[in-house]
Structures are given as structure tokens and as C-alpha cells.
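Take a look at the letters that make up each chain.
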Amino acid sequence: MNKKFITILLVISTILISFCEKSEDDDRITTGELFYDDGIADLYASPWSDIAGVQIAVKFNLLVQSATIKNVKYYIGFSGVETRTFRVRVYSENAATGLPGEDLLDQRVVAAAITGEKWVEVDLTKYNITVSQGNFFVAMEWVYPPGNNGTNAQNIGVDTSGPNFMGYVFIHEHGWVPMTTSNGLSFDGDPMIRVFVE
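Right, let's walk through the structure included here. (Residues numbered from 1 in each chain as written. Predicted model: local features only at pLDDT ≥ 70, side-chain atom pairs only at ≥ 80, totals over all residues. Heavy atoms only, no water.)

Some details on unusual backbone geometry
(1) Moving on: Despite not being glycine, Glu117 has its phi angle at roughly 60°, a positive value.
(2) Moving on: Among the structural elements, Glu117 can be located in the loop between strand 6 (110–111) and strand 7 (118–123).
(3) Moving on: Classification of Glu117 as partly exposed rests on a relative accessible area of 31%.
(4) Moving on: Phi at Asn128 is positive, roughly 50°, even though this residue is not glycine. (Helix = DSSP H or I, 4+ residues; strand = E, 2+ residues; numbered from the N terminus. Buried < 20%, exposed > 50% of the residue type's maximum accessible area, 1.4 Å probe, protein only.)

Overview of the packing of aromatic side chains
In this description, a pair of aromatic rings is defined by centroid distance and the angle of the planes.
(1) Moving on: Applying the stated criterion across every chain yields a total of 7 aromatic pairs.
(2) Moving on: Between the aromatic rings of Tyr36 and Phe60, the centroid separation amounts to 5.7 Å while the plane-to-plane angle is 25°, which identifies the pairing as stacked. Of this pair, Tyr36 sits in the loop between strand 1 (33–34) and strand 2 (43–45) while Phe60 is found in strand 3 (residues 55–76), placing the two residues 24 residues apart along the sequence.
(3) Moving on: Cation over ring: Arg84 sits above Tyr144, and NZ or CZ is 4.2 Å from the ring centre. (Phe/Tyr/Trp six-rings, centres within 6.5 Å; stacked < 30°, edge-to-face > 60°. Lys NZ or Arg CZ within 6 Å of the ring centre and 35° of its normal.)

Structural notes on the pattern of salt bridges
(1) Moving on: As enumerated under the stated definition, the model contains 7 salt bridges in all.
(2) Moving on: Notably, a salt bridge pairs Glu33 with Lys73, separated by 3.2 Å at the nearest N-O pair. With a gap of 40 residues between them, Glu33 in strand 1 and Lys73 in strand 3 connect regions that are remote in the sequence.
(3) Moving on: In this structure, Asp37 engages Arg194 in a salt bridge whose closest nitrogen and oxygen atoms are separated by 2.6 Å. (Salt bridge = Lys/Arg side-chain N within 4 Å of Asp/Glu carboxyl O.)

Focus on the environment of Ile156
(1) Moving on: By the secondary structure assignment, Ile156 is in strand 9 (residues 156–159).
(2) Moving on: With a relative accessible area of 0%, Ile156 lands in the buried category.
(3) Moving on: A sequence separation of 100 residues divides Ile156 from Ile56, and the C-alpha atoms of the two residues are 8.6 Å apart.
(4) Moving on: If we ignore the near neighbours within four places in the chain, the residues touching Ile156 are Leu43, Tyr44, Ala45, Ile56, Tyr74, Tyr75, Met140, Trp142, Met192 and Ile193. (Contact = heavy atoms within 4.5 Å.)

Structure representation (C-alpha cells):
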């Protein structure tokens, strides 16, 4: 093998190594839609309460140093009153408790489904919500009291297949708790809430 051929191979190898390192970094920092559900609602849920203001949230983990939230999505079921207005909430993580902490969306943003069995997408670009590396939460707040079995308001889809245990529920008398059977719920699952960051 001559020296010229060896030199060419070394140059190509160096280029390939550099490309692979850059690609690996790019994959690590890539942002986009974050979610834990599989896109199929196995059941629908809402907090059992006769008081408005109850919430269901998903905890998201951001791998990059910081990102801006562009939009959020909620999957609304057919049960209950699917066209009820709900409020969009975004929280940082309380470092001491691991639960929702500071309100990152201090303006009142509401949305509603036109029909059930659909994603409702809410554009948050103009609010310039920046989240830092680590955990943050996106929640749905019930503007109308859902009542028992969620008969009086909208219900959110829940994926119960292979849960990631990233769901949380807020009820006035208990505060925030993980959305699991160990906290008295009848199922383990991931609420169908998604967020797009960049």
C-alpha cells in the first residue's frame, strides 16, 4: 500500500470521525415534540371534584441547556362535555419536592376542543416561555368543575400501556401528587399532553 493511498484513508477517517461526533452532538441537542404517550387513549380521565381549578400535568425532561416552548397539545376524549374550555398551565419544577413549582405562564390562556377524540393544539410562541435543562410541567386546568367521573367537563386521554409515571394531579384538598395507583387512582398511565420546544 503506497503512502499516498494511506494519507487519503487517514483524511477520510478523520472526516468521518468528525462527522460522527458532530452528528452525535446534534442528536443530543435536537429539540422538537416531547411526549410519553403512544398516541392511543386507553381511557379518559379528569380529577373527581366539584370545584374548578383542579389540574392534570405531565412532567417533561429537557436535555439541552434551555429551550423555548412553541406549542402544547392535549388529547380530548368523547366522554363528559368535550367542548368545555380549559386553561393551559406551564410550571417549573420545585427542586425540593419534584412537583410543579413556579408558574411560567402568568397570563390566562384558554382553549377548547371542537369535538372529542382530537388533539387540541395551543400556540404559545408569543409568550416566550423559556425552560431550563431539567424538568418542567405542562398542565390542563379545569375551568369548569368536572364532577364525579368527569361528567360535567372535558376529559383527557391517558395511555396506560407501559406507563412512564410522568403524570401528576392537583386537587385542592391534597395539592399535587403523582398520578399513580399508589395515590388512590384506579390506574397507572401517562396523560396525553405534549409540548414542542426549540
